Amino acid sequence: MKIAVFGAGYVGLVTGACFADLGHDVVVRDILPDRIESLRRGEVPIYEPGLDELLQRGRERLTFTTEVAQAIDGADIVYVAVGTPPTYSGDADLSAVWMVIDELPRVDRRIVVVMKSTVPVGTGEKVRHRLDERRMTDVGYVSNPEFTAEGTAVRDFLHPDRIVIGAFEDADGELVERLHAGIDAPVVRADVASAEMIKLAANAALMTRISFINEIANVCEATGADVVKVAEGIGLDRRIGPSFLRAGIGFGGSCFPKDSLALKQLAANSGYHFQLLNAVIEVNELQKRRVIGKLTERLDRLRGTTVALLGLAFKPDTDDTRESPALVLAGRLIAEGASVRLWDPVATADGLPGVTQVKSVSEALAGADAAVLVTEWPELREADWAAMCSTMRRPVFIDGRNMLDPAEMRRLGYVYDAIGRAAS
Ligand code: UDX
């Protein structure tokens with residue numbers, strides 16, 4: 001089939017590249033000429049493992065354009081994969097979605113618009129209405145939310161736990177299901193509103209688990225239990241399962257913070273106060289700041305100290321810093337009068353006032369009063385901690401991801417603390 005993908009961000013590029021890999025002809029359209037130009041040159045504007053190779057492999061079947069007419073020419077399917085960032089009110093900003101819908105030209109055959117962007121429940125109805133108003137009744141609408149995580153997006157797309165398809169017309173749903181031929185996964189067929197809610201509810205469930213384990217971690221700290229053991233012990237219960245039970249310094253990224261706010265406002269707009277979700281968001285905000293308390297306890301005061309932050313990306317294997325706990329930590333530390341030295345193997349801190357980015361972990365630690373492990377980059381597991389301890393002014397080490405072995409770090413001389421594990 002021929003697919004037009006609107007939006008060349010993380011979601012659009014992964015969607016386009018994966019459909020090309022499944023044998024479809026794909027045109028990716030974006031409004032940013034620079035982005036399209038670099039994609040045509042074979043340069044991938046984002047860091048996503050496996051995406052380069054996939055775009056390379058599918059280059060015969062992939063084209064990039066800024067022109068709507070070129071994208072739609074001969075297309076059977078129009079995927080919408082544009083950004084839906086939060087507005088001041090916390091609602092999702094759908095202006096980019098409306099731009100795509102309003103730009104769609106009238107064509108003399110049936111095409112199906114498929115929503116991949118994360119949108120509030122009810123968006124499908126509104127789009128349907130807008131299309132009908134323009135008498136574009138021959139344009140179908142399907143919700144096909146994405147569940148891909150950054151860093152594993154290609155694998156998540158090609159080997160998903162499930163494919164969710166919500167359609168107004170069965171035939172349109174079937175068409176979208178056929179598009180995925182070659183992917184071995186259960187398909188959940190639903191009405192449009194339920195498909196939209198599945199996406200928001202799945203994210204909310206995952207965030208709830210993270211805030212839950214973070215609160216358990218905080219109680220572990222107060223009572224002398226070890227959250228890593230506790231997570232192992234509860235995760236083996238088949239009803240609970242082991243994933244998303246890693247305690248740490250809170251969730252960030254382009255999806256969770258934005259989507260939790262959008263769901264909260266969606267509920268509020270309908271007159272419902274979503275108490276549990278509010279608590280999940282608040283716990284996460286506090287969790288990001290708890291490390292400041294730990295540092296103050298160890299250093300007495302932060303003014304005049306140098307703190308090394310190890311990691312800037314909101315999680316490993318991405319250069320994405322959106323809503324990263326590192327940004328909150330850096331901001332708080334600078335406000336308290338500390339200097340921040342930051343290391344990340346991929347993400348850059350351009351434009352972060354008061355933050356010096358260094359090229360190696362050893363450079364970050366040398367002369368520092370404390371170090372905080374913020375992102376669990378694999379290279380930190382292999383780092384030569386023994387050699388670096390004596391280079392610090394004070395060997396205070398806060399492991400914000402419970403990545404390293406507490407006993408070993410203490411044996412090496414660090415004043416080591418983590419999240420939800422008994423302090424030394
Ligand atoms: C998430 C969802 O996983 C994905 O299905 C959705 O489509 C988009 O949002 P992503 O934001 O890329 O994907 O990353 P994910 O791996 O889910 O991690 C999100 C955040 O939660 C990260 O900051 C991570 O560090 C944190 N996290 C995750 C924890 O703190 N503990 C955990 O146990 C798991």
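Treat the numbers as computed from the prediction; the structure is a model and nothing was measured.

Parameters and conventions
Residues numbered from 1 in each chain as written. Predicted model: local features only at pLDDT ≥ 70, side-chain atom pairs only at ≥ 80, totals over all residues. Heavy atoms only, no water. Axes fitted to C-alpha atoms, helices over the stretch in contact; angles between N-to-C directions. Helix = DSSP H or I, 4+ residues; strand = E, 2+ residues; numbered from the N terminus. Parallel < 35°, antiparallel > 145°, perpendicular 65-115°, else oblique. Left-handed = near helix turned anticlockwise from the far one by under 90°. Contact = heavy atoms within 4.5 Å. Nonpolar A, V, L, I, M, F, W, Y, C, P; charged D, E, K, R; others polar. Buried < 20%, exposed > 50% of the residue type's maximum accessible area, 1.4 Å probe, protein only. Pairing = 2+ DSSP bridges. Phe/Tyr/Trp six-rings, centres within 6.5 Å; stacked < 30°, edge-to-face > 60°. 1 Å grid on protein atoms, 1.4 Å probe; cavity = no way out; pocket = protein on both sides within 12 Å on 5 of 7 lines; lining within 4 Å. Points joined across faces, edges and corners; volume = space filled by probe spheres on them. Polar contact = N/O pair within 3.5 Å; in protein donor to acceptor, adjacent residues only side chain to side chain. Near = heavy atom within 4 Å. Areas by Shrake-Rupley, 256 points an atom, 1.4 Å probe, with all protein chains shown as cover. Salt bridge = Lys/Arg side-chain N within 4 Å of Asp/Glu carboxyl O. Right-handed = clockwise from strand over helix to strand, strands pointing away.

### Focus on the packing of helix α12 (residues 275-299) against helix α13 (residues 325-335)
- One can describe the packing of α12 onto α13 by two numbers: an axis separation of 9 Å at closest approach and a directional angle of 40°. Compared by their axis directions, α12 and α13 come out oblique. Viewed along their axes, α12 and α13 form a crossing whose handedness is right-handed. Contacts between α12 and α13 involve K288, R289, V291, I292 and L295 from the former and P325, V328, L329, R332 and L333 from the latter.
- Across the contact of α12 with α13, the residue classes break down as seven nonpolar, no polar and three charged.

### As for α13
- Within α13, burial applies to P325, A326, V328, L329, A330 and L333.
- Backbone geometry just downstream of α13 places G337 in the positive-phi region, at approximately 95°.

### Side note on the sheet that holds strand β2 (residues 25-29)
- Read from one edge to the other, the open sheet built from eight strands follows the order β3-β2-β1-β4-β5-β6-β7-β8, with strand pairing classed as mixed. Of all the strands in the sheet, the pair left with one neighbour each is β3 (62-65) and β8 (187-190). When strand polarity is set aside, the average angle formed by the axes of neighbouring strands in this sheet is 25°.
- Bridge analysis of strand β6 (residues 139-143) against strand β7 (residues 163-167) gives two bridges, and the strand direction is antiparallel. Opposite V142, over in β7, you have A167 as the bridge partner.

### Thoughts on the packing of aromatic side chains
- A complete count under the given rule lists 10 aromatic pairs for this structure.
- Judged by centre distance (6.3 Å) and plane angle (65°), the ring pair of F244 and F256 falls under edge-to-face. Of this pair, F244 sits in the loop between α10 (227-235) and α11 (256-269) while F256 sits in helix α11, and the two are 12 residues apart along the sequence.
- On the basis of relative accessibility, which here comes to 32%, the residue F244 falls in the partly exposed class.
- Among the residues examined, F256 registers a relative accessible area of 13% and is labelled buried.
- For the pair F251 and F256, a centre-to-centre distance of 5.7 Å together with 85° between the ring planes defines the contact as edge-to-face.

### Comments concerning empty space enclosed by the protein
- Using the criterion set out here, one finds two cavities of 30 Å³ or more in the structure.
- Space inside the largest cavity adds up to approximately 50 Å³.
- Around the largest cavity, the lining residues are M115, S117, T118, V119, S143, P145, A195, E196 and K199.
- Tallying contributions element by element places helix α9 (residues 192-223) first for the lining of the largest cavity, with three residues.
- Residues that form the lining of the largest cavity fall into these classes: four nonpolar, three polar and two charged.
- Computed from the structure, the second largest cavity encloses a volume of approximately 40 Å³.
- Together, T84, A92, T118, V119, P120, L200, K258, D259 and A262 line the second largest cavity.
- Per-element tally for the lining of the second largest cavity: the top contributor is α11, with three residues.

### Some words on the side chain of N218
- Following the sequence through the fold, N218 ends up in helix α9.
- Polar side-chain contacts of N218 include one of 3.1 Å to the side chain of R290.

### Some details on the site of the ligand
- Around the ligand, the structure places 18 residues, and the nearest of them are E150, R246, G252, C255 and K315.
- At 3.3 Å, a side-chain N or O of E146 approaches an oxygen atom of the ligand.
- At 3.0 Å, a backbone N or O of G252 approaches an oxygen atom of the ligand.
- In isolation the ligand has 660 Å² of accessible area, and contact with the protein removes 94% of it.

### Section: the layout of surface pockets
- In this structure, the second largest pocket spans a volume of roughly 1100 Å³.
- Lining the second largest pocket are 48 residues, with V82, G83, T84, K258 and R322 positioned closest to its centre.
- Elements with a minimum of two residues in the lining of the second largest pocket: α1 (10-21), α5 (95-103), α11 and α12.
- Here the lining of the second largest pocket is composed, by residue class, of 23 nonpolar, 11 polar and 14 charged.

### So, the pattern of salt bridges
- All told, the structure shown has 31 salt bridges when counted by the stated rule.
- For R110, the salt bridge identified is with D172, shortest N-O distance 2.7 Å. Here R110, found in the loop between α5 and β5 (111-115), pairs with D172, found in helix α8 (residues 170-179); they are 62 residues apart in sequence, far enough to count as distant.
- Accessibility expressed as a relative area gives 34% for R110, which makes it partly exposed.
- Across the pair E221 and R290 runs a salt bridge whose closest N-O atoms are separated by 2.7 Å. With a gap of 69 residues between them, E221 in helix α9 and R290 in helix α12 connect regions that are remote in the sequence.
- Judged by its relative accessible area of 24%, E221 falls in the partly exposed class.

### Let's talk about the pairing of strand β9 (residues 306-310)
- Burial runs high along β9: five of the five residues are buried.
- Residue alternation in β9 divides its side chains into two sets, T306, A308 and L310 and V307 and L309, and both sets are buried.
- Each parallel crossover has a hand, and the one from β9 via α13 to strand β10 (residues 339-343) is right-handed.
- By the bridge criterion, four bridges tie β9 to strand β12 (residues 370-373) in an arrangement that is parallel. Paired with L309 across the bridge in β12 is V372.

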